[in-house]
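Each chain, letter by letter, is given below.
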Amino acid sequence: MSTLEARVRSRLAQWKAAGLLRVLRSPAGLDFCSNDYLHLAAHPYIVERFAAAARREGCGSTGSRLLRGEREVFSAVEQRMADFKEAERALYFSSGYLANIAVMTAMAEQGDVIFSDERNHASLIDGMRLSAATRVVFPHNDVTALGRLLADTPVGSQGHRFVVVESLFSMDGDVAPLGQYAALCRAAGASLVVDEAHAVGVCGARGSGLVEAFGIASDVMMSINTAGKALGASGAFVCGPEWAIDHLRQHARPFVFSTAAPPAVAAAIDASLDLLAEEPWRRTELAVRVQFVRDRLNAAGIGVAPSGSQIVPIAIGDNELAVVVARALQAEGFDVRAIRPPTVPKGTARLRLSINVGLSEAVLERFALSLGAALREVGLCSAASS
């Protein structure tokens with residue numbers, strides 16, 4: 001056995017012993033873990049638009065968009081997304097991870113400082129690490145701490161400040177104080193970058209996200225908007241001013257050096273935007289379902305945070321107990337997954353409940369009872385949201 005193999009096998013054994021070994025598991029049972037919040041991923045209208053585009057354009061784009069991978073459908077849906085987000089332009093990437101890497105590495109340079117919420121997504125963190133800028137981490141949703149850091153942290157003579165946050169945090173389900181961040185950025189001359197991955201499609205009067213809900217579109221330099229969650233397709237759009245999007249198109253390595261996504265995906269996203277406009281009941285009904293399940297969980301003695309979002313974390317703490325509870329619920333026909341470090345901080349393993357509009361109140365009622373029973377079985381009479 002080589003030293004490399006021995007090292008890897010040792011780490012796998014350590015992860016297994018700590019209850020951290022991950023396995024791939026296909027969907028089975030009622031969906032309580034995906035990000036298909038509006039139940040659009042299998043919608044017949046979107047599927048047909050995708051299939052028609054695949055028949056017309058083929059399956060592969062054949063190259064990067066700067067070579068032969070460009071199609072009119074990409075440019076058209078980019079402009080539609082820009083209008084949706086009240087931005088001048090948008091640029092599509094084949095994943096949210098690539099979009100965040102692109103923004104962080106292309107926009108932030110040596111001498112700049114990025115102020116990052118401590119619970120930002122791994123893709124944002126990795127992008128910051130790959131950039132030449134200095135990264136300053138501030139406590140989660142702490143406006144006072146951010147204001148102090150903005151005032152006390154120097155930048156280079158040509159340097160710039162960026163404040164980077166998620167609008168709706170993916171593991172805690174809580175909302176960033178975007179209005180206060182916008183005010184801080186205006187005062188400090190900093191640029192606000194907002195990852196709207198879990199808010200776009202769900203929040204705001206038109207469903208465009210929390211930037212819309214807070215009324216701060218003019219204060220946000222760039223937003224990252226995932227199409228693979230509530231929109232039911234895949235990829236992500238970076239939206240912002242024309243000059244910034246032009247810069248990404250020229251300089252963002254994940255755009256320049258990646259094969260373009262299949263053109264049919266752009267057609268599917270366009271169809272999703274149709275449904276967002278034509279069926280606002282999906283957002284309304286999702287809010288009703290979310291409040292229903294939160295009420296039932298609280299009534300069962302299972303404490304949940306009062307954020308009101310469709311992401312409902314149930315804190316367990318211990319890694320192995322989180323897996324045990326998840327398996328008990330899976331045996332009852334509920335597809336729930338245990339979330340463990342490093343996705344969340346050490347000692348905060350949890351179930352991340354993800355509510356979608358396709359779950360009936362009867363199902364949610366049965367789920368709350370099953371979760372309560374599963375927690376009692378492992379000696380947890382109640383759980384408090386992290």
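Residues numbered from 1 in each chain as written. Predicted model: local features only at pLDDT ≥ 70, side-chain atom pairs only at ≥ 80, totals over all residues. Heavy atoms only, no water.

Undergrad: Mind showing me how you'd approach the overall build of the chain here?
TA: If you tally the helices and strands in the chain, you get 14 helices and twelve strands. Overall size of the chain, expressed as C-alpha extent along the three principal axes, is 55 × 55 × 55 Å. In the chain, buried positions account for 51% of the 386 residues. Once local pairs closer than 6 in sequence are excluded, the contacts in the chain between residues at least 24 apart make up 72%. Averaging the positions of the 38 positive and the 40 negative side-chain charges in the chain gives two centres separated by 6 Å. (Helix = DSSP H or I, 4+ residues; strand = E, 2+ residues; numbered from the N terminus. Buried < 20%, exposed > 50% of the residue type's maximum accessible area, 1.4 Å probe, protein only. Contact = heavy atoms within 4.5 Å. Lys, Arg positive; Asp, Glu negative; His and termini not counted. Charge placed at Lys NZ, Arg CZ, Asp CG, Glu CD.)

Undergrad: Just checking my understanding: could you explain the nonpolar core for this structure?
TA: In terms of nonpolar packing, the biggest core is built from 90 residues, with Leu192, Leu297, Ile314, Leu351 and Leu371 touching the most fellow members. Among the elements that take part in this core, helix H11 (residues 263–278) stands out by supplying ten residues, more than any other. Counting 27 residues, the second largest nonpolar core, distinct from the first, contains Phe93, Ala99, Ile114 and Val193. (Core = buried A, V, L, I, M, F, W, Y, C linked by side-chain atoms within 4.5 Å.)

Undergrad: What am I meant to see in the pattern of salt bridges here?
TA: For side chains of opposite charge, pairing can occur when their charged atoms come near one another. Enumeration over the complete set of coordinates arrives at 24 salt bridges. For Glu48, the salt bridge identified is with Arg55, shortest N-O distance 2.9 Å. On the accessibility criterion, Glu48 (43% relative accessible area) is partly exposed. According to the relative accessible area criterion, Arg55 is exposed, its value standing at 60%. (Salt bridge = Lys/Arg side-chain N within 4 Å of Asp/Glu carboxyl O.)

Undergrad: Looking at this structure, how should I read the pairing of strand S4 (residues 134–138)?
TA: Within a regular strand, the side chains alternate between the two sheet faces. As paired elements, strand S3 (residues 113–117) and S4 share five bridges and run parallel to each other. Bridging from a neighbouring strand, Ile114 pairs with Arg135 of S4. (Pairing = 2+ DSSP bridges.)

Undergrad: Can you walk me through the packing of helix H6 (residues 143–152) against helix H7 (residues 178–188) in this structure?
TA: For any two helices packed against each other, the geometry comes down to the angle between their axes and how far apart the axes lie. The N-to-C vectors of H6 and H7 enclose an angle of 10°; their axes lie 11 Å apart at closest approach. It follows from the interaxial angle that H6 and H7 lie roughly parallel. Here Val143, Leu146, Gly147 and Leu150 of H6 lie close against H7, whose contacting residues are Gln180, Tyr181, Leu184 and Ala188. Counted by class, the contact of H6 with H7 contains six nonpolar, two polar and no charged residues. (Axes fitted to C-alpha atoms, helices over the stretch in contact; angles between N-to-C directions. Parallel < 35°, antiparallel > 145°, perpendicular 65-115°, else oblique. Nonpolar A, V, L, I, M, F, W, Y, C, P; charged D, E, K, R; others polar.)

Undergrad: I tried to follow the environment of Ala6 on my own but got confused; where do I start?
TA: Structurally, Ala6 is set in helix H1 (residues 3–17). Between the C-alpha atom of Ala6 and that of Val73, which follows or precedes it by 67 residues, the distance is 49 Å.

Undergrad: In this structure, what is going on with the packing of aromatic side chains? I would like to understand it.
TA: Aromatic rings in a pair are described by how distant their centres are and how their planes are angled relative to each other. Tallying each qualifying case throughout the model produces seven aromatic pairs. For the pair Phe32 and Phe367, a centre-to-centre distance of 4.2 Å together with 15° between the ring planes defines the contact as stacked. With Phe32 in the loop between strand S1 (30–31) and helix H2 (44–57) and Phe367 in helix H14 (residues 361–377), this residue pair connects regions lying 335 residues apart in the sequence. Like Phe367, Phe32 is buried. One aromatic cluster is present, built from ring pairs that chain together Phe32, Phe334 and Phe367. (Phe/Tyr/Trp six-rings, centres within 6.5 Å; stacked < 30°, edge-to-face > 60°.)

Undergrad: Can you walk me through the sheet that holds strand S2 (residues 89–93) in this structure?
TA: Two orientations exist for strands paired in a sheet by backbone hydrogen bonds: parallel and antiparallel. Here we have seven strands laid out as an open sheet, ordered S2-S8-S7-S6-S5-S3-S4, and mixed in their pairing. Each edge of the open sheet carries a strand with a single partner, namely S2 and S4. The sheet shows a mean angle of 20° between the axes of neighbouring strands, direction not considered. Summarising the sheet, S2 and strand S8 (residues 236–240) pair through five bridges and their orientation is antiparallel. Pairing of Phe93 across the sheet is with Ala236, part of S8.

Undergrad: Just checking my understanding: could you explain empty space enclosed by the protein for this structure?
TA: Where empty space is left can be seen by rolling a probe of water-molecule size over the atoms. As enumerated under the stated definition, the model contains one cavity of 30 Å³ or more in all. If you trace the largest cavity, you find it lined by Arg65, Tyr92, Phe93, Ser94, Leu98, Pro254, Phe255, Ser258, Thr259, Ala260 and Ala261. Sorting the residues of the lining of the largest cavity by element identifies S2 and helix H10 (253–256) as the ones contributing at least two each. Here the residues of the lining of the largest cavity sort into seven nonpolar, three polar and one charged. (1 Å grid on protein atoms, 1.4 Å probe; cavity = no way out; pocket = protein on both sides within 12 Å on 5 of 7 lines; lining within 4 Å. Points joined across faces, edges and corners; volume = space filled by probe spheres on them.)

Undergrad: I'm lost on H1 in this one. Help?
TA: Side chains three or four residues apart in an α-helix point the same way, a direct result of the helix having 3.6 residues per turn. With 15 residues, H1 extends 21 Å from end C-alpha to end C-alpha; this agrees with the ideal 21 Å at 1.5 Å per step. Phi turns positive one or two residues past the end of H1, at Gly19, with a value near 75°. (Expected span 1.5 Å × (residues − 1).)

Undergrad: Looking at this structure, how should I read the environment of Glu88?
TA: As for its position among the elements, Glu88 is in the loop between helix H3 (72–84) and S2. On a C-alpha basis, the gap between Glu88 and Pro241 in space is 5.0 Å, while along the polypeptide they are 153 residues apart. Ignoring sequence-local partners within four residues, the contact set of Glu88 consists of Gln79, Ala82, Gly240, Pro241 and Glu242. At a separation of 2.7 Å, a polar atom in the side chain of Glu88 contacts the main-chain amide nitrogen of Glu242. (Polar contact = N/O pair within 3.5 Å; in protein donor to acceptor, adjacent residues only side chain to side chain.)

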